[in-house]
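Residue-level structure breakdown
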Amino acid sequence: MSGPDISVVICAYTEDRWEDILAAVSSVRAQSRPALETLLVVDHNAALLDRLTKEYKESGEGTAVRVLANAGPRGLSAGRNTGIAASRGEVVAFLDDDAVAERDWLAHFAKAYADPRVMAVGGRTEPIWASGRRPAWFPAEFDWVVGCTYKGLPPGLVRVRNVLGGNASFRRSAFDAAGGFATGIGRDGDKRPLGCEETELCIRLTRARPDAVLLIDDRAVIHHRVPEAREHFGYFRTRAYAEGLSKALVARSVGAGKGLESERRYATRVLPAGVARGLRDALLARPGGAGRAGAIVAGVLTAAGGYVVGSVRARRGGATFSVAQLSDSEGGRHD
């Protein structure tokens with residue numbers, strides 16, 4: 001089998017997603033290009049840790065599926081860093097605990113790493129709506145709200161500023177160069193759905209390695225479950241506000257120029273086109289057109305408000321984060 005060995009890290013935190021977690025692991029086990037290992041990192045939940053440990057020990061998959069406790073502070077970033085440190089693959093891939101990967105997911109990742117300049121490869125994430133279909137008012141331009149690939153990203157195999165964390169992979173040397181995911185930016189078990197930790201890492205990576213190439217291959221597909229609670233405008237608004245807060249932290253870390261580079265194109269080209277399509281659909285009496293246009297405007301204003309608030313807090317010193325350095329001397333890779 002040509003190409004790099006790939007370790008897959010899945011971070012989990014709640015027993016409410018038990019069936020989803022098992023499905024995520026099964027989708028990795030069914031890959032056309034087998035993973036070297038699957039690491040399940042449990043975020044400060046002793047009951048879930050014990051249950052998953054027993055599940056894979058009793059199933060006989062204990063050598064291929066390793067269950068670990070998050071060794072850092074509560075949150076997704078520290079969980080991912082725990083998985084990176086414990087993994088053995090040349091490439092580390094990340095899959096959400098409520099998603100399933102298509103059979104050739106890892107095969108597409110592996111092909112991209114034939115170029116030694118490639119430091120990260122992401123894929124396409126499709127929503128599985130709990131109601132069975134997309135809400136008529138929900139604009140595809142805002143699918144990032146529910147952790148999915150949004151309308152406006154270029155198709156095919158393309159170079160990008162950053163990959164999206166729930167469906168992504170990094171060469172191990174990327175972490176050697178830039179460190180791990182920053183804690184204090186992404187989700188940490190709080191009710192507020194923060195994010196952007198992968199954006200901050202990717203920008204740090206390209207600063208540390210100016211020759212680094214970061215790609216998205218839309219053939220590397222996963223399907224992400226969207227629960228009913230996230231199909232409502234209340235969650236849409238909350239997530240957009242949290243994104244603004246997160247972007248302020250990213251800008252504080254790497255500077256507004258690089259931190260908002262992609263967002264400027266998104267706000268000036270993608271979103272106006274989305275509003276125009278929504279208004280056109282409304283004039284043609286198509287369902288949800290006015291709602292989609294209104295949601296885009298509301299989403300932009302809400303995210304902008306979060307960014308302003310986050311920027312003020314950052315200047316006042318109310319927001320902190322730290323970057324994990326994944327070296328052997330600090331509990332890094334275990335061979």
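Everything here concerns the structure above.
Okay, so let's go over this structure. (Residues numbered from 1 in each chain as written. Predicted model: local features only at pLDDT ≥ 70, side-chain atom pairs only at ≥ 80, totals over all residues. Heavy atoms only, no water.)

**Some points on helix H1 (residues 18-29)**
Let me state the cut-off plainly: Under the DSSP-based scheme used, a helix requires at least four consecutive residues in state H or I and a strand at least two consecutive residues in state E, with every element numbered from the N terminus. Expected span of a helix: the number of residues minus one, times 1.5 Å. Relative accessibility under 20% of the residue-type maximum defines a buried residue, over 50% an exposed one, and the middle range a partly exposed one, all with a 1.4 Å probe and only protein chains included.
The end-to-end C-alpha distance of H1, which contains 12 residues, comes to 17 Å, matching closely the 16 Å that a straight helix rising 1.5 Å per residue would cover. When H1 is considered as a whole, its buried residues turn out to be Trp18, Asp20, Ile21, Leu22, Ala24, Val25, Ser27 and Val28.

**Section: the pattern of salt bridges**
Keep this limit in mind: We define a salt bridge as a side-chain nitrogen of Lys or Arg found within 4 Å of a carboxyl oxygen belonging to Asp or Glu.
Here the structure, examined in full by the defined rule, presents 21 salt bridges. Between Arg292 and Asp281 there is a salt bridge, with its nearest N and O atoms 2.7 Å apart. Of this pair, Arg292 sits in helix H10 (residues 289-315) while Asp281 is found in helix H9 (residues 261-283), placing the two residues 11 residues apart along the sequence. Here the two residues Arg292 and Asp281 agree in accessibility, since each one is buried. One connected set of salt bridges, linked through shared partners, spans Arg280, Asp281, Arg286 and Arg292.

**Concerning the pairing of strand S1 (residues 6-12)**
The condition is simple: Only strands that DSSP links by at least two bridges are regarded as paired with each other. Assignment of crossover handedness uses the view with strands pointing away from the viewer, where a clockwise path from the first strand over the helix to the second indicates a right-handed crossover.
Of all 7 residues in S1, 7 are buried, a share of seventy percent or more. Here S1 shows two buried faces, one formed by Ile6, Val8, Ile10 and Ala12 and the other by Ser7, Val9 and Cys11. As defined by bridge partners, S1 adjoins strand S4 (residues 91-95) across 4 bridges and the pair is classed as parallel. Its bridge partner lying in S4, Val9 is registered against Phe94. Here S1 runs beside strand S2 (residues 37-42); their pairing, made up of 6 bridges, is parallel. Within the sheet, the bridge partner assigned to Ile10 lies in S2 and is Leu40. In this fold, the crossover linking S1 to S2 by way of H1 has right-handed handedness.

**Points about the side chain of Ser7**
Note the following rule: Polar contacts here mean pairs of N or O atoms no more than 3.5 Å apart (in protein, one a potential hydrogen donor and the other a potential acceptor; neighbouring residues in sequence count only if both atoms are side-chain atoms). Every residue pair with non-hydrogen atoms within 4.5 Å of one another is taken to be in contact.
By the secondary structure assignment, Ser7 is in strand S1. The exposure class assigned to Ser7 is buried, which follows from its relative accessible area of 0%. There is a polar contact of 2.9 Å between the side chain of Ser7 and the backbone nitrogen of Gly89. If we skip the residues at most four places from it in the chain, Ser7 touches Leu36, Glu37, Leu39, Ser87, Arg88, Gly89, Val91, Val92 and Ala93.

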